[in-house]
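# Per-entry structural report
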Amino acid sequence: MKGLLTEIRQCSVCKPFLPLGANPIISASPKSKIVLASQAPGKIAHEKSIAWDDPSGRRLRAWLGVDEDTFYNSDNFAILPLGFCFPGKGKTGDLPPRPECAPLWHKKVTDHFEGDPLYILIGNHSQRYYLNDNLTLTARIKAFESYLPQHFVLPHPSPVNRFWMAKNKWFETDVLPVLQRVVQQRLA
């Protein structure tokens, strides 16, 4: 795994299409118990070379019920975005992840996991990639239990999603307690 991660961090396949250049951000261990599959690092992550060290990450850690040390321990959590580099800004947020990255690298990484980790699929991009369905994000999250024990589906924790959160109050009362229980069981 160590050699593979070094290779990924040196990848420049998408460099011509990336406004800030290539800076692949990934974290994983053969012992990873939970895989966080999300869209792609944001601009702050690109600048710091640290995933989820921003308001979205603070919200995600609160949702998961874990502290920073637990979160950034790759034996606990693998950070495996669909795109490892910041794709640039769009009209309503970051651009979608580059299409080359996940097909090129994900299976190579996941083949190194020793156990059967839980995949937390954060946002529509990762859910479409891993679940290959035509449901809406809201429909998937309402049916979150049907994806267990292999997958747990979540909206993106970005502050941009505050309207979705306000409209779907059931997420906090019905989904997050189950998420925290499942996470604690996996980390035990």
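The structure we're discussing is the one just above.
Below you will find a few notes about this structure. Since the model is a prediction, treat every value here as computed from it, not as a measurement.

### Overview of the packing of aromatic side chains
- Applying the stated criterion across every chain, the model contains eight aromatic pairs.
- Judged by centre distance (5.5 Å) and plane angle (45°), the rings of Tyr-119 and Tyr-130 are tilted. Note that Tyr-119 is positioned in strand S3 (residues 118-122) and Tyr-130 in helix H6 (residues 123-131), a separation of eleven residues in sequence.
- Taking relative accessible area as the criterion, Tyr-130 reaches 23% and is therefore assigned partly exposed.
- In this structure an aromatic cluster arises from ring pairing among Trp-63, Trp-164, Trp-170 and Phe-171.
- In this arrangement the basic side chain of Arg-98 is found over the ring face of Phe-17, its NZ or CZ atom lying 4.2 Å from the centre.
- For the cation-ring pair, Lys-108 lies above Trp-105, with the distance from its terminal atom to the ring centre recorded as 5.0 Å.

### Focus on helix H9 (residues 170-187)
- Given a rise of 1.5 Å per residue, 18 residues ought to cover 26 Å, and the 25 Å separating the end C-alpha atoms of H9 matches this to within 8%.
- A maximum bend of about 35° is found in H9 at Leu-176, where proline Pro-177 lies one to four positions downstream.
- Where H9 is concerned, the buried positions are Trp-170, Phe-171, Val-175, Leu-176, Val-178, Leu-179, Val-182, Val-183 and Leu-187.

### Observations regarding the sheet that holds S3
- Taken together, the four strands give an open sheet; going across it, the order is S2-S1-S3-S4, and neighbouring strands pair in parallel fashion. Strands with a single pairing partner mark the edges of an open sheet, and in this sheet they are strand S2 (77-79) and strand S4 (151-154). Strand after strand, the sheet turns through a mean of 20° between neighbouring axes, direction not considered.
- Where S3 and S4 come together, four bridges link them in parallel fashion. For Leu-121, the partnering residue across the bridge sits in S4 and is Val-153.
- Here H6 sits on the sheet in contact with strand S1 (34-37), S3 and S4, set at roughly 135° to S3.

### Brief notes about empty space enclosed by the protein
- Evaluation of the coordinates by the stated rule reveals one cavity of 30 Å³ or more.
- Along the lines of polarity and charge, the residues of the lining of the largest cavity split into twelve nonpolar, two polar and three charged.

### Brief notes about the environment of Gly-83
- Along the polypeptide, Gly-83 turns up in the loop between S2 and helix H5 (101-110).
- Of the residues examined, Gly-83 reaches a relative accessible area of 3% and is grouped as buried.

### Thoughts on the side chain of His-151
- Its place among the elements puts His-151 in strand S4.
- With residues up to four places along the chain from it excluded, the contact list for His-151 reads Leu-118, Tyr-119, Leu-121, Tyr-130 and Leu-131.

### Considerations on the pattern of salt bridges
- All chains considered together, the criterion is met by seven salt bridges.
- Notably, a salt bridge pairs Lys-89 with Asp-94, separated by 2.9 Å at the nearest N-O pair.
- Judged by relative accessible area, Lys-89 falls into the exposed class, the value being 58%.
- One salt bridge connects Glu-100 with Arg-98, and the closest N-O pair in it is separated by 2.8 Å.
- With a relative accessible area of 25%, Glu-100 lands in the partly exposed category.
- Its relative accessible area of 24% is what places Arg-98 among the partly exposed residues.

Cut-offs and rules
- Residues numbered from 1 in each chain as written.
- Predicted model: local features only at pLDDT ≥ 70, side-chain atom pairs only at ≥ 80, totals over all residues.
- Heavy atoms only, no water.
- Phe/Tyr/Trp six-rings, centres within 6.5 Å; stacked < 30°, edge-to-face > 60°.
- Helix = DSSP H or I, 4+ residues; strand = E, 2+ residues; numbered from the N terminus.
- Buried < 20%, exposed > 50% of the residue type's maximum accessible area, 1.4 Å probe, protein only.
- Lys NZ or Arg CZ within 6 Å of the ring centre and 35° of its normal.
- Expected span 1.5 Å × (residues − 1).
- Bend = angle between axes of the 7 residues up to and from the residue.
- Pairing = 2+ DSSP bridges.
- Axes fitted to C-alpha atoms, helices over the stretch in contact; angles between N-to-C directions.
- Contact = heavy atoms within 4.5 Å.
- 1 Å grid on protein atoms, 1.4 Å probe; cavity = no way out; pocket = protein on both sides within 12 Å on 5 of 7 lines; lining within 4 Å.
- Points joined across faces, edges and corners; volume = space filled by probe spheres on them.
- Nonpolar A, V, L, I, M, F, W, Y, C, P; charged D, E, K, R; others polar.
- Salt bridge = Lys/Arg side-chain N within 4 Å of Asp/Glu carboxyl O.

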